[in-house]
Each structure stands twice: as C-alpha cells, then as structure tokens.
Amino acid sequence: MKEREMIELLLQKNEKGMDELIIHYGALMRYIIAPILPNKQDQEDCLSKIAMQVWKKIDKFDSQRGSWNAWLTAISRNYALNYKRSNKDYSSIEEIESDISSSDLSPEEQMIRQERLSAVNRALQSMSSQDRTLFYRKYYYFQSISRIASEMGMTERAVEEKLYRIKKQLRKMLGGN
C-alpha cells in the first residue's frame, strides 16, 4: 500500500489505515523510540500510544510543510520523550509539541526563537550529509555513541571526535565562543 493511500485511510478513520501504519512504519517508530526508552515493554506501550496519537492528529499532517517520515518521526520522538518523563513521576509534565511556537512566548520571543532555529538549520544544512546525520542521531534521536558507530561503520572514538568538531563548528557558525 502506498503512503498516500494509508494517510487517506487514517483521515477517514478507517482501522485498516492503523494496521498499515504499524506494518509499514512500526519499525521506523521503534527505531526512533528505542534509544529514548530502553525497556522493551515501555517501547511497545509507547508505540501503541504513538499510533493513537497519529490517529488523533492525522488531520494536522501537511505534506506542504514536510514529509510523512519527518512528521511521523517528530511525533514518535516527542511522544517517547513525554512518555519517559511521565514514567519518572515528574510533577509537571510539559508536552513537547511538533511545532516550535509556544503560546507562553511573546511575539518578540517567538520571533527570536524562530530566528535562532533558522540559523541552526542553515548552519546544519551547510554541513556535509554525514556530519548532519551524526548530529541528528546523537542530539535529536538520542542514540548512543556505540549504536551510531556500529551502524555508520565508524569507531566510537571517531564518532566522539567528529561530534566534538561538529559542535565546535556550529558554535563558530552561530557566533558563539
């Protein structure tokens, strides 16, 4: 089944769409949540809750703003982080939303935040594909150094050194020390 057909089924609230989501994208969602939730039972519980989030929020998916994989990845990551926080008995859980704006910020603060985000994105886009991949895997998907090294065919030391250089390069590009 094609991605568009599955999305249409989900939009129509057809349960076959949910089945297709798990069949075709369950592995991706597990890949995203595994570094955040190492316990297998937590992963499975979180996966089912993510699927329900997709079911509830499918009407918010806009292919003009980004790809299906990016949207699904963001929901999976954010929900897994919230799940982890909620299971650590945090007294005040703030949900991480998929969009970057927050109603608590003033318009000026939102603009500054958006400008900073744009600057970081421009800096990351100017880097090589491998550097970007390393950065995202470590700091966005929270993957371990050993996992990144084994999956990218590098030594752990090489990954650590590369990440150090990437952070140093980003600080320089963004005007930091």
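Residues numbered from 1 in each chain as written. Predicted model: local features only at pLDDT ≥ 70, side-chain atom pairs only at ≥ 80, totals over all residues. Heavy atoms only, no water.

Some points on the side chain of serine 76
Now for step 1: Tracing the chain through its elements places serine 76 in helix H4 (residues 68–87).
Now for step 2: With a relative accessible area of 0%, serine 76 lands in the buried category.
Now for step 3: A distance of 2.9 Å separates the side chain of serine 76 from the backbone oxygen of leucine 72, its partner in a polar contact.
Now for step 4: Once you skip the residues sitting within four places of it in the chain, serine 76 turns out to touch Met29, Ile32, Ile33 and Ile50. (Helix = DSSP H or I, 4+ residues; strand = E, 2+ residues; numbered from the N terminus. Buried < 20%, exposed > 50% of the residue type's maximum accessible area, 1.4 Å probe, protein only. Polar contact = N/O pair within 3.5 Å; in protein donor to acceptor, adjacent residues only side chain to side chain. Contact = heavy atoms within 4.5 Å.)

Concerning helix H1 (residues 3–11)
Now for step 1: Along H1, the residues that are buried comprise Met6, Ile7, Leu9 and Leu10. Burial along H1 is one-sided: seen end-on, the buried residues are contained in an arc of 160 degrees.
Now for step 2: Just beyond H1, the residue with positive phi is lysine 13, at close to 60 degrees. (Arc of directions from axis to C-beta.)

What to know about the packing of aromatic side chains
Now for step 1: Considering all chains together, one arrives at eight aromatic pairs under this definition.
Now for step 2: Their ring planes at 90 degrees and their centres at 5.3 Å tell us that phenylalanine 61 and tryptophan 68 sit as a pair that is edge-to-face.
Now for step 3: Exposure remark for phenylalanine 61: the relative accessible area of 12% places this residue in the buried category.
Now for step 4: We classify tryptophan 68 as buried; its relative accessible area is 1%.
Now for step 5: Ring geometry for phenylalanine 135 and tyrosine 136: centres 6.1 Å apart, planes at 75 degrees, overall edge-to-face.
Now for step 6: Among the residues examined, phenylalanine 135 registers a relative accessible area of 17% and is labelled buried. (Phe/Tyr/Trp six-rings, centres within 6.5 Å; stacked < 30°, edge-to-face > 60°.)

A short note on the environment of leucine 124
Now for step 1: Examined against the element boundaries, leucine 124 turns out to sit in helix H5 (residues 107–125).
Now for step 2: In this structure, the C-alpha to C-alpha distance between leucine 124 and leucine 170, residues 46 residues apart in sequence, is 7.7 Å.
Now for step 3: Ignoring anything within four residues of it in the chain, the contact list for leucine 124 reads Arg132, Phe135, Tyr136 and Leu170.

Points about the packing of helix H6 (residues 129–139) against helix H8 (residues 156–173)
Now for step 1: The contact between H6 and H8 brings their axes to 10 Å, and the two run at 100 degrees. In terms of orientation, H6 lies roughly perpendicular with respect to H8. Seen from H6, the contacting residues are Asp131, Leu134, Phe135, Lys138 and Tyr139; seen from H8, they are Val159, Lys162, Leu163, Ile166, Lys167, Gln169 and Leu170.
Now for step 2: For the contact of H6 with H8, the class distribution of residues is seven nonpolar, one polar and four charged. (Axes fitted to C-alpha atoms, helices over the stretch in contact; angles between N-to-C directions. Parallel < 35°, antiparallel > 145°, perpendicular 65-115°, else oblique. Nonpolar A, V, L, I, M, F, W, Y, C, P; charged D, E, K, R; others polar.)

Some remarks on the nonpolar core
Now for step 1: Judged by nonpolar contacts, the single largest core of 25 residues is most densely connected at Leu21, Val54, Ile58 and Trp68.
Now for step 2: Secondary-structure elements contributing two or more residues to this core are H1, helix H2 (15–33), helix H3 (40–57) and H4.
Now for step 3: The greatest single-element share of this core, amounting to seven residues, is contributed by H4.
Now for step 4: The contacts of leucine 21, once residues within four sequence positions are left out, are Met6, Gly26, Met29, Ala51, Val54, Trp68 and Leu72.
Now for step 5: With 12 residues, the next largest nonpolar core counts Leu124, Leu134, Phe135 and Ile166 among its residues. (Core = buried A, V, L, I, M, F, W, Y, C linked by side-chain atoms within 4.5 Å.)

Description of the packing of H6 against helix H7 (residues 145–152)
Now for step 1: Remark: H6 packs on H7, axes separated minimally by 10 Å, with the N-to-C direction vectors making an angle of 145 degrees. You can see that H6 and H7 cross each other, and the crossing is right-handed. Together, Gln130, Thr133, Leu134, Arg137 and Lys138 of H6 and Ile145, Arg147, Ile148, Glu151 and Met152 of H7 make up the contact between the two elements.
Now for step 2: Tallied by class, residues from the contact of H6 with H7 come to four nonpolar, two polar and four charged. (Left-handed = near helix turned anticlockwise from the far one by under 90°.)

So, the confidence of the model for the protein chain
Now for step 1: When pLDDT is averaged across the protein chain, the result is 85; 89% of the residues are at 70 or more.
Now for step 2: Confidence, expressed as mean pLDDT per element, reaches its minimum in the protein chain at H5 with 84 and its maximum at H7 with 93.
Now for step 3: Taken as a whole, residues 89–102 scores under 50 in pLDDT and shows 20 contacts with residues more than four places along the chain or in a different chain. (pLDDT = per-residue confidence, 0-100.)

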